[in-house]
Amino acid sequence: MAIRPIVKFGDPVLHAPAVPVDRIDDEIRTLVADMVATMYAAPGIGLAAPQVGVPLRVIVIDLSVGEDPAQVIRLVNPELVEREGDQKHEEGCLSVPGYAGSPARPARVVVRGLDLDGRERVHTATDLLARAFCHEIDHIDGLLFVDRLSPLKRDLMRRKLKKRAREGWED
């Protein structure tokens, strides 16, 4: 397992839809293992392949941030098949360090995808896990939480982020 660099706002891979995985092989399994290690090192509760510069539809989530390895969700080609209700809570993003916002998200979702053995998995999620699924699936659709903010907040944050990206994300 290797810790990969996390790409930041402005990198084209974050702003374009990722392509579906057509075959789950050792390369995909290595990518997923690296993503989990990278997520924990950050630390974060979720990571999508585009965030490590790989334009594939792969996500990992662990609300325990590594405390309970049984909680890690690894999904290939995930898709939202049901959404219900509304919730708004502050969220941040490893690709948008130092910024947060409260996008509207469904309160409950059903997500379908493949595990690393190619078997279909269906997850029903509420609250934080529902937000995490939506956040990571947005990444593989070429969206960031910034894109889900109200127009005024979105425009203000984008201006700040574009300036940071031009400056090379130096702290």
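## Some points on the overall build of the chain
In step 1: Counting its regular elements, the chain contains three helices and nine strands.
In step 2: Ordering the α and β elements of the chain from the N terminus gives α-β-β-β-β-β-β-β-β-β-α-α.
In step 3: Taken over C-alpha atoms, the radius of gyration comes to 15 Å for the chain, in line with the 16 Å a tight globule of 171 residues would show.
In step 4: Viewed in the frame of its principal axes, the chain has a C-alpha envelope of about 45 × 35 × 30 Å.
In step 5: The buried share of the chain, reckoned over its 171 residues, is 46%.
In step 6: Look at the contacts in the chain between residues 6 or more apart in sequence, and 62% of them connect residues 24 or more apart.
In step 7: For the chain, the exposed surface amounts to about 8800 Å²; the carbon and sulfur share of it is 50%.
In step 8: With 24 positive and 27 negative side-chain charges, the chain shows a separation of 6 Å between the mean positions of the two kinds.

## Quick word on the sheet that holds strand 3 (residues 73–84)
In step 1: As summarised here, the arrangement of the five strands in space is 1-2-3-8-9, forming an open sheet in which the pairing is antiparallel. Edge strands, defined here as strands with exactly one partner in the open sheet, are strand 1 (46–48) and strand 9 (120–126). Mean inter-strand twist for the sheet, computed between neighbouring axes without regard to direction, equals 35°.
In step 2: Both strand 3 and strand 8 (residues 108–114) contribute to a ladder of six bridges, which runs antiparallel. Considered in strand 8, the bridge of Glu84 is made with Arg108.
In step 3: Along the sheet face, helix 1 (residues 26–41) touches strand 1, strand 2 (58–61) and strand 3 and points at about 40° away from the line of strand 2.

## Considerations on the state of the cysteines
Each disulfide consists of one covalent bond between the sulfur atoms belonging to two cysteines.
In step 1: Per the stated rule, a full pass over the model turns up zero disulfides.
In step 2: For the unlinked cysteine Cys93, the closest cysteine sulfur is that of Cys134, found at 14 Å.
In step 3: Under the relative-accessibility criterion, Cys93 is labelled buried at 11%.

## Comments concerning the pairing of strand 3
In step 1: Two elements, strand 2 and strand 3, share four bridges in a ladder whose sense is antiparallel. Its bridge partner lying in strand 3, Val58 is registered against Val76.

## Points about the nonpolar core
In step 1: Ranked by size, the top nonpolar core spans 19 residues in total, and within it Ile28, Leu31, Met35 and Val58 carry the most contacts.
In step 2: If you list the elements that add at least two residues to this core, you get helix 1 and strand 2.
In step 3: Setting aside its immediate chain neighbours within four residues, Met35 contacts Leu47, Ala48, Ala49, Val52, Val58, Ile59 and Val60.
In step 4: Listed in part, the 16 residues of the second largest apolar core include Ile73, Leu129, Ala130 and Cys134.

## What about the pattern of salt bridges?
In step 1: The final tally for this structure, using the stated rule, is 15 salt bridges.
In step 2: Residues Arg57 and Asp141 are paired through a salt bridge, measuring 2.9 Å at the closest nitrogen-oxygen approach. Residue Arg57 is located in the loop between strand 1 and strand 2, and its partner Asp141 is located in the loop between helix 2 (127–140) and helix 3 (151–166); the two are separated by 84 residues in the primary sequence.
In step 3: Overall, Asp141 belongs to the partly exposed group, its relative accessible area being 33%.
In step 4: Across the salt bridge formed by Asp138 and Arg148, the nearest N and O atoms sit 2.8 Å from each other. Placement of the pair is Asp138 in helix 2 and Arg148 in the loop between helix 2 and helix 3, with a sequence separation of ten residues.
In step 5: Judged by its relative accessible area of 4%, Asp138 falls in the buried class.
In step 6: With relative accessibility at 38%, the residue Arg148 sits in the partly exposed group.
In step 7: Here the salt bridges do not stand alone but share partners, grouping Glu91, Arg105, Asp138 and Arg148 into one network.

Criteria and cut-off values
Residues numbered from 1 in each chain as written. Predicted model: local features only at pLDDT ≥ 70, side-chain atom pairs only at ≥ 80, totals over all residues. Heavy atoms only, no water. Helix = DSSP H or I, 4+ residues; strand = E, 2+ residues; numbered from the N terminus. Rg over C-alpha atoms; globule rule 2.2 N^0.38 Å. Buried < 20%, exposed > 50% of the residue type's maximum accessible area, 1.4 Å probe, protein only. Contact = heavy atoms within 4.5 Å. Areas by Shrake-Rupley, 256 points an atom, 1.4 Å probe, with all protein chains shown as cover. Lys, Arg positive; Asp, Glu negative; His and termini not counted. Charge placed at Lys NZ, Arg CZ, Asp CG, Glu CD. Pairing = 2+ DSSP bridges. Axes fitted to C-alpha atoms, helices over the stretch in contact; angles between N-to-C directions. Disulfide = S-S within 2.5 Å. Core = buried A, V, L, I, M, F, W, Y, C linked by side-chain atoms within 4.5 Å. Salt bridge = Lys/Arg side-chain N within 4 Å of Asp/Glu carboxyl O.

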